[in-house]
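Next come the chains, spelled out residue by residue.
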Amino acid sequence: MQIRELKIPDSYEITPKQFGDDRGVFLEWFRGDRLEQEIGRRFPIVQSNTSVSKRGVVRGIHFADIAPSQAKYVTATHGAVLDFVIDIRVGSETFGQWDAVRLDDVDRKAIFISEGLGHCFVALTDDAIVSYLVSAPFNAEREHGINPLDPAVGLEFPAEAGVPLLSPKDEVAPGLEEAAAAGLLPTWDEAKRFYASLGGAA
């Protein structure tokens, strides 16, 4: 398993080693000990989620209030998605920037997204199945969104995704600047304090 930090601090790409033969393939798609060694803190898993999306579906940009927010370990078990991590932590050197990893059932990569970061993906195939391990239960009152089509963020959806399909909630979500002005976004300082409370700085 290889773990690489993305250009957004506190987010990582995980590439598993696959063992294939004439029977199929075996891999370790999650290793908590390896991940925690890399990020320097605990990743307590309390909930797992699965979504199934047709091509073009965009889910996000989603985030939750700190603390506890919600760290996510995400992989695609069928089909393919382009998964985005967006730095929405006010005061971060990379605020407003993003990075992306293709998650599919060929390379079987995963992405780890720390608390306080924005998360979004677009389905590149029909019946794209995405599984998430998360560090806190869903709490609707603490969940927020940013419009994934906000030009201030500038997410780049590949042509193979087709026309973006958003939920009604995501369609009316505020842009990044509007969310910041409304005080909805986490700050770099509170994110770092929370990471430290989990056993070290990420």
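Scroll up a little and you will see the structure.
Nothing here was measured: the structure is a model prediction, and the numbers come from that model. (Residues numbered from 1 in each chain as written. Predicted model: local features only at pLDDT ≥ 70, side-chain atom pairs only at ≥ 80, totals over all residues. Heavy atoms only, no water.)

Asks: How should the pattern of salt bridges be read in this particular structure?
Replies: One side chain can pair with another of opposite charge once the charged atoms of both are near each other. Tallied over the full model, the rule gives 11 salt bridges. Asp10 is the partner of Lys192 in a salt bridge, and the nearest nitrogen-oxygen pair spans 3.4 Å. One end of the pair, Lys192, is in helix H4 (residues 188–197); the other, Asp10, is in the loop between strand E1 (2–5) and strand E2 (11–15), with 182 residues separating them in the sequence. Take Lys192: its relative accessible area is 23%, and that puts it in the partly exposed class. Notably, a salt bridge pairs Arg102 with Asp104, separated by 3.0 Å at the nearest N-O pair. Since its relative accessible area comes to 37%, Arg102 is described here as partly exposed. If you follow the salt bridges from partner to partner, you end up with Asp10, Asp87, Arg89 and Lys192 in one network. (Salt bridge = Lys/Arg side-chain N within 4 Å of Asp/Glu carboxyl O. Helix = DSSP H or I, 4+ residues; strand = E, 2+ residues; numbered from the N terminus. Buried < 20%, exposed > 50% of the residue type's maximum accessible area, 1.4 Å probe, protein only.)

Asks: Quick question: what am I supposed to make of the sheet that holds strand E6 (residues 58–64) here?
Replies: Strand-to-strand pairing in sheets goes through backbone hydrogen bonds, with the strands running parallel or antiparallel. Strands sit in the order E9-E8-E11-E6-E13 across an open sheet of five strands; the sheet is antiparallel. Pairing within the sheet leaves two strands with one partner each, and these edge strands are strand E9 (98–104) and strand E13 (143–145). Strand-to-strand twist across the sheet, computed as the mean angle between neighbouring axes with direction ignored, equals 25°. Relative to E13, E6 runs antiparallel, the two being bridged by three bridges. Looking across to E13, one finds that Ala64 is bridged to Glu143. (Pairing = 2+ DSSP bridges. Axes fitted to C-alpha atoms, helices over the stretch in contact; angles between N-to-C directions.)

Asks: I'm lost on the sheet that holds strand E5 (residues 47–53) in this one. Help?
Replies: Strand order in this open sheet of six strands is E1-E2-E10-E7-E12-E5, and the pairing throughout is antiparallel. The open sheet is flanked by E1 and E5, the only strands paired with a single partner. Taking each pair of neighbouring strands and ignoring which way they run, the sheet shows an average axis angle of 20°. Inspection of the sheet shows strand E7 (residues 72–78) paired to strand E10 (residues 110–113) by four bridges, in the antiparallel sense. By the bridge assignment, Val74 is partnered in E10 with Ile111. The strands touched by helix H1 (residues 32–39) within the sheet are E1, E2, E7 and E10, with E1 carrying the most contacts at an inclination of about 30°. (Contact = heavy atoms within 4.5 Å.)

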